[in-house]
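Residue-level listing of the chains:
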Amino acid sequence: MKALIVYGSPRHKKSASYHIGENFANGLRRAGLQVDEIMLSKQKIHHCIGCFTCWTKTPGVCIHKDDMVGNLPKLQKANLIVFATPLYVYNVTGLLKNFLDRQIPLLEPYLVEKGEATGHPRRDTPENQKVFLISVAGFPEVSHFDALVTLFKQMYRGGRYIGEILIPGSEPMSMDDFQESYNELYKLIEQAGFEVGKKGIISEETRKAITDKTTYTEEEIKVFREMANKYWDSMELKDYSKIKLETIDIEPLKVTDSGMPAFFAGMAEIYNPKAVPGLKAVMQFNLDDESYYLIINEAECKAYKGSYSEPTFTIISPKDVWMKITSGELSGAKAFMQRMYKVEGDMKLLMKMNQMFSR
Ligand SMILES: Cc1cc2nc3c(=O)[nH]c(=O)nc-3n(C[C@H](O)[C@H](O)[C@H](O)COP(=O)(O)O)c2cc1C
């Protein structure tokens, strides 16, 4: 059995839809399918010009000699086609729409009855070829996919369309810093791929586990909007090298101190200046009744007890929550979504924290 996965994001492999797609493809492989892939972001495909030459003068052959020449036989041979696309204006991306249009040489011009409506017969395609849809979206409500699902059900009507995985609120999934927090979801997606490969359907149990992990409550949607808006605010390019730092005349904390002071001194020690080159910033941590801050001055990072007057970034958290996040026991992104801690100031630094404090 052959599967073909078509990736539609212009972001290539640094994309949420790729991460979902590749885990799904791994599951298909585990189920014994041979999986081929088409990365549309790496291909040159001219748009269809509607000349119908592929239906008249040269049946099955398009006038454009581009990457579609290699793609069409792959589409014809696959027993299962998986489309993995981000949602762009309630639809597939332009790259994928172009690709879908250019499949027209695989059809014959005649009009026949097809799944309760008129359609075209297909040329040399496995009789029971199935199609599965994977899509990711920026907005947090799953209803944004309604038109896309209708589109695929219509395109592949007559029993070819076998289902979908839809992940709303997926923008962080495209970012390297957030990959760890999606590990459990990725495992479930792999399992879904395995089940589709074996039985053509995702089990209720796996479906429910995926839905539980990717559905936002009304309250979470409010936090999601807040977090997204802070993120976009922080995207405004700041010149970190221009930030003026106060001179501090108290001694920095040392790793030989004990308890929280030693913990923050340790954080300062493992500071990685390559994460944000040239950074000058103050990170304030208000943990229950204790406060600490880190002053980052390019390659140097020092930790102090107390409060800084104008920190670049402040984390307000119960002490135990923050300790669980730093030890890796709790996902920082998930804890943030569940309002287990708050952040004020430059969110971009929050996203960079994994890289900033690792050896
Ligand atoms: C041109 C454009 C149109 C978009 N339209 C929508 C949309 O209609 N609904 C939505 O929820 N997100 C929309 N988004 C957001 C993407 O779906 C979101 O960023 C997604 O996570 C990108 O996935 P990728 O990393 O796989 O490319 C749009 C993004 C772009 C660039």
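Given the structure is predicted, the values throughout are model-derived calculations rather than measurements.

Notes on the domain arrangement of the protein
Item 1. Each domain of the protein was delimited in the assignment, giving domain 1 (2–215) and domain 2 (240–356).
Item 2. The distance between the C-alpha centroids of domain 1 and domain 2 comes to 43 Å.
Item 3. Facing the 4 residues of domain 1 at the interface are 6 residues of domain 2.
Item 4. Contact between domain 1 and domain 2 buries roughly 510 Å² in total, counting both sides, with carbon and sulfur atoms accounting for 52%.
Item 5. Ranking the residues of domain 1 by area buried against domain 2 places Asp177, Phe178 and Ser181 at the top, with a combined share of 79%.
Item 6. Inspection of the region where domain 1 meets domain 2 yields 0 salt bridges.
Item 7. At the boundary of domain 1 with domain 2, the tally comes to 0 residue pairs in polar contact (both at pLDDT 80 or more).
Item 8. Residue composition of the side of domain 1 that touches domain 2, by class: 2 nonpolar, 1 polar and 1 charged.

With respect to the pattern of salt bridges
Item 1. Summed over the entire model, instances satisfying the criterion amount to 14 salt bridges.
Item 2. Here Arg11 and Glu171 are joined by a salt bridge, their closest N and O atoms 2.8 Å apart. Taken together, the residues Arg11 in the loop between strand E1 (2–7) and helix H1 (16–30) and Glu171 in the loop between strand E7 (161–167) and helix H5 (183–199) connect sequence positions 160 residues apart.
Item 3. By relative accessible area, Arg11 is classed as partly exposed at 40%.
Item 4. In this structure, Lys97 and Asp101 form a salt bridge, with 2.7 Å as the shortest nitrogen-oxygen distance. Of this pair, Lys97 and Asp101 both sit in helix H3 (residues 94–101), 4 residues apart, roughly one helical turn.
Item 5. Three or more residues are tied together by salt bridges with common partners; here these are Glu219, Lys222, Glu226 and Arg339.

Examining the packing of aromatic side chains
How two aromatic rings sit relative to each other is set out by the distance from centre to centre and by the angle between their planes.
Item 1. Inspection of every chain in the model, using the stated rule, returns 17 aromatic pairs.
Item 2. With a centroid separation of 4.7 Å and an interplanar angle of 15 degrees, the aromatic rings of Phe264 and Tyr292 are classed as stacked. In this pair, Phe264 sits in helix H8 (residues 259–269) while Tyr292 sits in strand E9 (residues 290–297), placing the two residues 28 residues apart along the sequence.
Item 3. Overall, the relative accessible area of 0% leaves Tyr292 in the buried class.
Item 4. Residues Tyr293 and Tyr304 carry aromatic rings whose centres are separated by 5.4 Å and whose planes lie at 20 degrees to one another, so their mutual orientation is stacked. Here Tyr293 is found in strand E9, whereas its partner Tyr304 is found in strand E10 (residues 300–305), with 11 residues between them in sequence.
Item 5. By relative accessible area, Tyr304 is classed as buried at 7%.
Item 6. Every member of this aromatic cluster is reached through a ring pair, and the members are Phe263, Phe264, Phe285, Tyr292, Trp322 and Tyr341.

Quick look at the sheet that holds strand E6 (residues 130–136)
Item 1. Taken in spatial order, the 5 strands line up as E2-E1-E3-E6-E7 in an open sheet, and their pairing is parallel. Of all strands in the sheet, those with a lone pairing partner are strand E2 (34–39) and E7, marking the two edges. On average, adjacent strands in this sheet sit at an angle of 15 degrees to one another, irrespective of strand direction.
Item 2. Lying over the sheet, H5 contacts strand E3 (80–86), E6 and E7, oriented at roughly 180 degrees with respect to E7.

Section: unusual backbone geometry
Item 1. We note that Phe52 has phi near 60 degrees; this positive angle belongs to a residue other than glycine.
Item 2. Structurally, Phe52 can be placed in the loop between E2 and helix H2 (68–77).
Item 3. Taking the relative accessible area as the measure of exposure, Phe52 reaches 42% and is therefore partly exposed.
Item 4. The residue Glu298 is not glycine, and still its phi comes out positive at about 55 degrees.
Item 5. Its place among the elements puts Glu298 in the loop between E9 and E10.
Item 6. For Glu298, a relative accessible area of 39% corresponds to the partly exposed category.

Overview of the site of the ligand
Item 1. Not every one of the 17 residues close to the ligand is listed here, only the nearest: Ser9, Arg11, Ser17, Leu87 and Glu171.
Item 2. Within the side chain of Ser9, a nitrogen or oxygen atom sits 2.6 Å from an oxygen atom of the ligand.
Item 3. Contact distances for the ligand include 2.8 Å between an oxygen atom and a backbone N or O atom of Ala16.
Item 4. Starting from 640 Å² of accessible surface for the ligand in isolation, the protein chains cover 77%.

Procedures and definitions
Residues numbered from 1 in each chain as written. Predicted model: local features only at pLDDT ≥ 70, side-chain atom pairs only at ≥ 80, totals over all residues. Heavy atoms only, no water. Domains from an automatic or database assignment. Contact = heavy atoms within 4.5 Å. Buried area = accessible area lost by both parts, 1.4 Å probe. Salt bridge = Lys/Arg side-chain N within 4 Å of Asp/Glu carboxyl O. Polar contact = N/O pair within 3.5 Å; in protein donor to acceptor, adjacent residues only side chain to side chain. Nonpolar A, V, L, I, M, F, W, Y, C, P; charged D, E, K, R; others polar. Helix = DSSP H or I, 4+ residues; strand = E, 2+ residues; numbered from the N terminus. Buried < 20%, exposed > 50% of the residue type's maximum accessible area, 1.4 Å probe, protein only. Phe/Tyr/Trp six-rings, centres within 6.5 Å; stacked < 30°, edge-to-face > 60°. Pairing = 2+ DSSP bridges. Axes fitted to C-alpha atoms, helices over the stretch in contact; angles between N-to-C directions. Near = heavy atom within 4 Å. Areas by Shrake-Rupley, 256 points an atom, 1.4 Å probe, with all protein chains shown as cover.

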